[in-house]
Amino acid sequence: MIDQFKRSIHYLRLSVTDLCNLKCQYCMPEGGVDKKAHQDILRIEDYLRLVEEMTSLGVDKVRLTGGEPLVRKGIVDLVEGIAKLEGIKDLAITTNGVLLKKYAEELKNAGLTRVNVSIDTLDPDKYREITRGGNIEDVLGGIEEARRVGLLPIKLNVVLINGFNTDEVEDFIRLADEDMDVRFIELMPIGQVANWSKDKFISNEKLLEKHRDWFVMEDGEQYGPAKYYQKKDGKGRVGFINPISNHFCSTCNRVRMTADGKLKLCLHTNEEYDLKPLLEEDSDTIRKTLQEYIAKKPERHHMNDQEFQPIVRDMNRIGG
Ligand code: SAM
Ligand code: SF4
């Protein structure tokens, strides 16, 4: 699928639930979220139908996210169904890792290619604080299990919050190895964070500048949102995801589908298209409509512009 700015759209991020077993301060409201009625969220078979139509239009890379994808009933069946679709080259999950120890092997057997695990601190108390109650041991056990079953490479996602975890950057860099990339993600002013004080945000450029002598060079693979650097000790790579300071819109190849069946063409706009009515239609109509919607993908985000409207959906309801 080619959009109006000649970008090839072949990457789908699929949010499979708004619910989560953690309540990270930057993502989820303190009181949690209400469970939606069954008819308001896509069923596993609905996802499979829509993803199948998308693969026929060229989508070859799918990432499952949420909320927490591993709390979604039927997640292993969904992975298995998507993995079997013709044309799928890469099928990954982004998870907080809490249930990974339990599911890693089943997911691997179902056809999952790899996992991204989110962990913002290595300190058990700080972890409990930022996730409002999480136990870091669960996540560390999950990462170990993902390694054991070969869901590789693992990508550790670390959201940087100035004054909270900036003192742990080098500990995280040390963790990167042959099987595990570490990626620092800039905090985005979305949902819960829309009104956070500016001093919580730190640009990845600043971070890289400060820790530059850990790295030898940029890695060859520089497409997409992360810029990768090789570590000097030769053990692994570190990525910097800069959605704010250095946006990558001109090469953006992705669209998102939310758990309530909305197609989002850009993370940073409030515009969405309801896909649920399409489930009543035949394949030709679904494909034609998807192509019409995707052609409207905006050229770029406007987060740095004066008139930018904050994104109202919390991240748990979009899928990062
Ligand atoms: N529950 C899973 C997890 O935590 O990996 C998947 C969903 S979570 C919304 C996906 C990613 O979005 C996580 O890496 C999380 O840290 C990131 N995220 C959430 N809110 C964010 C924000 N305001 N800015 C930057 N990243 C954010
Ligand atoms: Fe849950 Fe992931 Fe959001 Fe944390 S970042 S509250 S784990 S959905």
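Higher on the page you've got the structure.
As a starting point, this report considers the structure included with it. (Residues numbered from 1 in each chain as written. Chains lettered and ligands numbered in written order. Predicted model: local features only at pLDDT ≥ 70, side-chain atom pairs only at ≥ 80, totals over all residues. Heavy atoms only, no water.)

### A look at the nonpolar core
Residues Val62, Leu64 and Phe184 are the most contacted members of the largest nonpolar core, which totals 75 residues. The contact partners of Leu64, leaving out residues within four places of it in the chain, are Leu14, Val16, Pro69, Ile75, Leu78, Val79, Ile82, Leu91, Ala92, Ile93 and Thr94. In terms of nonpolar packing, the next biggest core, distinct from the first, is built from 13 residues, Cys27, Ile130, Val159 and Ala226 among them. (Core = buried A, V, L, I, M, F, W, Y, C linked by side-chain atoms within 4.5 Å. Buried < 20%, exposed > 50% of the residue type's maximum accessible area, 1.4 Å probe, protein only. Contact = heavy atoms within 4.5 Å.)

### Observations regarding helix α5 (residues 136–149)
With 14 residues, α5 extends 20 Å from end C-alpha to end C-alpha; this agrees with the ideal 20 Å at 1.5 Å per step. Every buried residue belonging to α5 is among Ile136, Val139, Gly141, Gly142, Ile143, Glu145, Ala146 and Val149, and all of these are buried. Between a side-chain oxygen at the N-terminus of α5 and the backbone nitrogen of Glu137 the separation is 3.0 Å; the capping residue is Asn135. (Helix = DSSP H or I, 4+ residues; strand = E, 2+ residues; numbered from the N terminus. Expected span 1.5 Å × (residues − 1). Polar contact = N/O pair within 3.5 Å; in protein donor to acceptor, adjacent residues only side chain to side chain.)

### So, the site of ligand 2
Taken together, Cys20, Leu22, Lys23, Cys24, Cys27, Met28, Gly67 and Asn96 form the complete shell of residues around ligand 2. A per-class count over the shell around ligand 2 returns 5 nonpolar, 2 polar and 1 charged. (Near = heavy atom within 4 Å. Nonpolar A, V, L, I, M, F, W, Y, C, P; charged D, E, K, R; others polar.)

### Regarding the packing of aromatic side chains
By the definition in use, this model includes 6 aromatic pairs. With centroids separated by 5.7 Å and ring planes inclined at 80°, the aromatic side chains of Tyr229 and Phe240 adopt a geometry described as edge-to-face. Remark: Phe240 occurs in strand β9 (residues 237–241) and Tyr229 occurs in strand β8 (residues 226–231); sequence separation between them is 11 residues. Comparing Tyr229 with Phe240, the two get one shared label, buried. A centroid spacing of 4.5 Å and a plane angle of 25° characterise the contact between Tyr273 and Tyr293, whose relative ring orientation is stacked. (Phe/Tyr/Trp six-rings, centres within 6.5 Å; stacked < 30°, edge-to-face > 60°.)

### Re the packing of helix α1 (residues 44–56) against helix α8 (residues 283–294)
It is the contact of α1 with α8, at a shortest axis distance of 10 Å, that shows an interaxial angle of 70°. On the basis of the axis angle, α1 is roughly perpendicular to α8. Two packed elements cross with a definite hand, and for α1 against α8 that hand is right-handed. Across the interface between the two elements, Arg49, Leu50, Glu53, Met54 and Ser56 of α1 pack against Ser283, Ile286, Arg287 and Leu290 of α8. Looking at the contact of α1 with α8 residue by residue, the classes come out as 4 nonpolar, 2 polar and 3 charged. (Axes fitted to C-alpha atoms, helices over the stretch in contact; angles between N-to-C directions. Parallel < 35°, antiparallel > 145°, perpendicular 65-115°, else oblique. Left-handed = near helix turned anticlockwise from the far one by under 90°.)

### A short note on the site of ligand 1
Neighbouring ligand 1 are 18 residues, the closest being Tyr26, Gly67, Glu68, Ser118 and Met188. Between ligand 1 and Gly67, the relevant distance is 3.0 Å, taken from a nitrogen atom to a main-chain nitrogen or oxygen of the residue. Thr95 has a polar backbone atom sitting 3.3 Å from an oxygen atom of ligand 1. If you list the elements that add at least two residues to the shell around ligand 1, you get β3 (90–95) and β5 (154–160).

### Section: the environment of Thr17
Summarising the element assignment, Thr17 is placed in the loop between β1 (11–15) and α1. Sequence spacing of Thr17 and Pro69 is 52 residues, and the spatial spacing of their C-alpha atoms is 6.4 Å. A polar atom in the side chain of Thr17 sits 2.9 Å from the backbone nitrogen of Leu19.

### Some thoughts on a negative patch on the surface
A surface patch of negative charge is lined by Glu280, Glu281, Asp282 and Asp284. One can find Glu281 in the loop between β12 (273–274) and α8. Given the relative accessible area of 36%, Glu281 is considered partly exposed. (Patch = residues over 30% accessible without salt bridge, like charges linked within 9 Å, V, L, I, M, F, W, Y side chains within 5 Å. Areas by Shrake-Rupley, 256 points an atom, 1.4 Å probe, with all protein chains shown as cover. Salt bridge = Lys/Arg side-chain N within 4 Å of Asp/Glu carboxyl O. Lys, Arg positive; Asp, Glu negative; His and termini not counted. Charge placed at Lys NZ, Arg CZ, Asp CG, Glu CD.)

### What to know about the pattern of salt bridges
Considering all chains together, one arrives at 21 salt bridges under this definition. Here the residues in one salt-bridge network are Arg43, Glu45 and Asp46, joined through shared partners.

### Focus on the pairing of strand β10 (residues 254–257)
Both faces of β10 are covered, namely the face carrying Arg254 and Arg256 and the face carrying Val255 and Met257. With 4 bridges joining them, β1 and β10 adopt parallel strand pairing. Counted as the bridge partner of Arg13 is Arg256 from β10. Connecting β10 to the next strand, strand β11 (residues 262–264), in antiparallel fashion are 4 residues, including Gly261 with a positive phi near 80°. (Pairing = 2+ DSSP bridges.)

### Describing the packing of helix α3 (residues 100–110) against α5
Packing of α3 against α5 brings their axes to within 8 Å, and their N-to-C directions diverge by 20°. As judged from the angle between their axes, α3 and α5 are roughly parallel. Here α3 runs over α5; the crossing is right-handed. Of the residues in α5, those in contact with Leu100, Lys101, Ala104, Glu105 and Lys108 of α3 are Gly141, Gly142, Ile143, Glu145, Ala146, Arg148 and Val149. Within the contact of α3 with α5, the residues separate by chemical class into 5 nonpolar, 2 polar and 5 charged.

### Describing the pairing of strand β4 (residues 114–118)
In the case of a regular strand, side chains alternate between the two sheet surfaces. Across the 5 residues that make up β4, a large majority, 4, are buried. Here 4 bridges tie β3 to β4, and the two strands are oriented parallel to one another. If you follow Thr94 over to β4, its bridge partner there is Asn116. Taken together, β3, α3 and β4 constitute a β-α-β crossover, and its handedness is right-handed. Here 3 bridges tie β4 to β5, and the two strands are oriented parallel to one another. Counted as the bridge partner of Val117 is Leu156 from β5. (Right-handed = clockwise from strand over helix to strand, strands pointing away.)

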